[in-house]
Amino acid sequence: MITTVTFNPAVDKTAQVETLVTGGLNRLQNVRQDAGGKGINVSKTLKAIGVPSRATGFLAGNAGQFIRERLTDLGIAHDFVEIRGNTRTNLKVLDAAMTLTELNEAGPACSADDIRRLEETLAAAEGILVLSGNVGPGVPEDIYRRLTETAQRRGLQVILDADGGLFREGIQAGPDVIKPNRFELSQYFGMPEETLDTDTMISLARQLMEAGGHFHGGGRQSVCHG
C-alpha cells in the first residue's frame, strides 16, 4: 500500500478572466474547485492509473470537509487528522494569454499534539510512504527527516518531494527516492535557477546520489528531477 502525506492541503479554486486587472474589478469565468496539495495529487494520479493509496495529513473546517468529500467521490481512501481553523484555499487565475496568477493562503497552524496524532495515524502505514509538499505554520523543518527515520525503522520505503529546509533536513535520513526540480536544486546548491540547464541538473542530481553515503540513511537514494 502507498500512503501519501499532505501537511498543508488546499481547496484549489481555478478561474479564467479575459484580462487580469490589477486594482480593478475582475469577473471570473469557468470557476471550479478541486482537492489539492502535493500528496493528494499523488493519490489522484495513482487512482487514475489503477493503483490504490491512502491519503492522510491535516484537514480543518469546511474546506477540509470539502476535500474529504471530494476524495470519497473519487474513490480514494483517506484518513486525515482534524485540526483547528480552516484548510486553505488557493486561487489560480488564468487570463486569455495563458498567464497564470496564483494567490495561495498559508494554511492553519498545527500544534505539537496535532503532529503527534498524525504520527499515530502513520503507524498503520505499510509499503511506501510519500512525503511531499510544504507544511503549515507550527510544523518544524525536520518533520520529514523524523518521519523518514521512523518509517525506515519499520521497513517502509520513503519518497521525498520537498524544498528548502524541509528538503535539506529530509535527505539527512536517506529517503529511498527524492524528486527535486530545477528550483529545488537551485535552492539546495545555492545556484541561480536560470543557470541550471539539463546537463547541469543531471550533474547536480548525480552529486546528490553520490553523497548518499554521507546521509544518515546510507546511500540508497534515487533521484528524479523535473
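This text gives an overview of the structure that appears in the document. (Residues numbered from 1 in each chain as written. Predicted model: local features only at pLDDT ≥ 70, side-chain atom pairs only at ≥ 80, totals over all residues. Heavy atoms only, no water.)

1. Quick look at the overall build of the protein
1) Next: Scanning the protein from N- to C-terminus turns up 7 helices and 12 strands.
2) Next: Since a compact globule built from 226 residues should have a radius of gyration of about 17 Å, the 18 Å found for the protein is in line with a globular shape.
3) Next: If you line up the protein on its principal axes, its C-alpha atoms span 55 × 40 × 35 Å.
4) Next: The proportion of buried residues among the 226 residues of the protein is 42%.
5) Next: In the form shown here, the protein has an accessible surface area of approximately 11300 Å², with 50% of it arising from carbon and sulfur atoms. (Helix = DSSP H or I, 4+ residues; strand = E, 2+ residues; numbered from the N terminus. Rg over C-alpha atoms; globule rule 2.2 N^0.38 Å. Buried < 20%, exposed > 50% of the residue type's maximum accessible area, 1.4 Å probe, protein only. Areas by Shrake-Rupley, 256 points an atom, 1.4 Å probe, with all protein chains shown as cover.)

2. As for empty space enclosed by the protein
1) Next: Counted under the stated rule, the structure contains 1 cavity of 30 Å³ or more.
2) Next: Size it by volume and the largest cavity reaches roughly 40 Å³.
3) Next: Residue composition of the lining of the largest cavity, grouped by class: 7 nonpolar, 3 polar and no charged. (1 Å grid on protein atoms, 1.4 Å probe; cavity = no way out; pocket = protein on both sides within 12 Å on 5 of 7 lines; lining within 4 Å. Points joined across faces, edges and corners; volume = space filled by probe spheres on them. Nonpolar A, V, L, I, M, F, W, Y, C, P; charged D, E, K, R; others polar.)

3. Comments concerning the pattern of salt bridges
1) Next: Within the structure shown, the criterion is met by 15 salt bridges.
2) Next: When the shortest N-O distance is used, the salt bridge between D113 and R117 registers 3.5 Å. Taken together, the residues span about one helical turn, with D113 and R117 both in helix 3 (residues 112-122) at a distance of 4 residues.
3) Next: The exposure class assigned to R117 is partly exposed, which follows from its relative accessible area of 27%.
4) Next: What emerges from the salt-bridge pattern is a single network uniting E119, D142, R145, R146, E149 and E169. (Salt bridge = Lys/Arg side-chain N within 4 Å of Asp/Glu carboxyl O.)

4. Side note on the packing of helix 3 against helix 4 (residues 143-153)
1) Next: One can describe the packing of helix 3 onto helix 4 by two numbers: an axis separation of 11 Å at closest approach and a directional angle of 30 degrees. If you check the angle between helix 3 and helix 4, you find them roughly parallel. Crossing handedness for the pair helix 3 and helix 4: right-handed. Only I143, R146 and L147 of helix 4 make contact with helix 3, whose side of the interface consists of I115, E119 and L122. (Axes fitted to C-alpha atoms, helices over the stretch in contact; angles between N-to-C directions. Parallel < 35°, antiparallel > 145°, perpendicular 65-115°, else oblique. Left-handed = near helix turned anticlockwise from the far one by under 90°. Contact = heavy atoms within 4.5 Å.)

5. Here we look at the pairing of strand 2 (residues 10-16)
1) Next: In this structure, strand 2 lies alongside strand 3 (residues 29-36), joined through 6 bridges in antiparallel fashion. Its bridge partner being in strand 3, K13 is matched across the sheet by Q33.
2) Next: Both strand 2 and strand 7 (residues 88-94) contribute to a ladder of 7 bridges, which runs parallel. Of the residues in strand 7, the one forming a bridge with V11 is T89. (Pairing = 2+ DSSP bridges.)

6. With respect to helix 4
1) Next: Looking only at helix 4, the buried set comprises I143, Y144, L147, T148, A151 and Q152. Along the axis of helix 4, the buried residues cluster in a sector spanning 155 degrees; they form a single face.
2) Next: Of the surrounding secondary structure, the elements contacted by the buried residues of helix 4 are helix 3, strand 9 (128-132), strand 10 (157-161) and helix 5 (164-170).
3) Next: The first or second residue beyond helix 4 is G155, which carries a positive phi of 85 degrees. (Arc of directions from axis to C-beta.)

7. Some words on unusual backbone geometry
1) Next: Backbone geometry at N30 places phi at a positive 50 degrees, although glycine is not the residue there.
2) Next: By secondary structure assignment, the location of N30 is in strand 3.
3) Next: With relative accessibility at 58%, the residue N30 sits in the exposed group.
4) Next: The phi dihedral of M98 falls on the positive side, at around 65 degrees, and the residue is not glycine.
5) Next: Turning to its location among the elements, M98 is positioned in the loop between strand 7 and strand 8 (100-103).

8. Some thoughts on the packing of aromatic side chains
The relative placement of two aromatic rings is captured by the distance of their centres and the angle of their planes.
1) Next: As enumerated under the stated definition, the model contains 4 aromatic pairs in all.
2) Next: Taken together, a centroid distance of 5.5 Å and an interplanar angle of 75 degrees make the contact between F7 and F58 edge-to-face. Here F58 lies in strand 4 (residues 53-59) and F7 lies in the loop between strand 1 (2-6) and strand 2, a separation of 51 residues in the sequence. Like F58, F7 is buried.
3) Next: The interplanar angle of 70 degrees and the centroid separation of 5.8 Å between the aromatic rings of F7 and Y144 together place this pair among those described as edge-to-face. With F7 in the loop between strand 1 and strand 2 and Y144 in helix 4, the pair connects residues that are 137 residues apart, well separated along the chain.
4) Next: Overall, Y144 belongs to the buried group, its relative accessible area being 0%.
5) Next: Put simply, the rings of F7, F58 and Y144 touch in pairs and so form one group of aromatic residues. (Phe/Tyr/Trp six-rings, centres within 6.5 Å; stacked < 30°, edge-to-face > 60°.)

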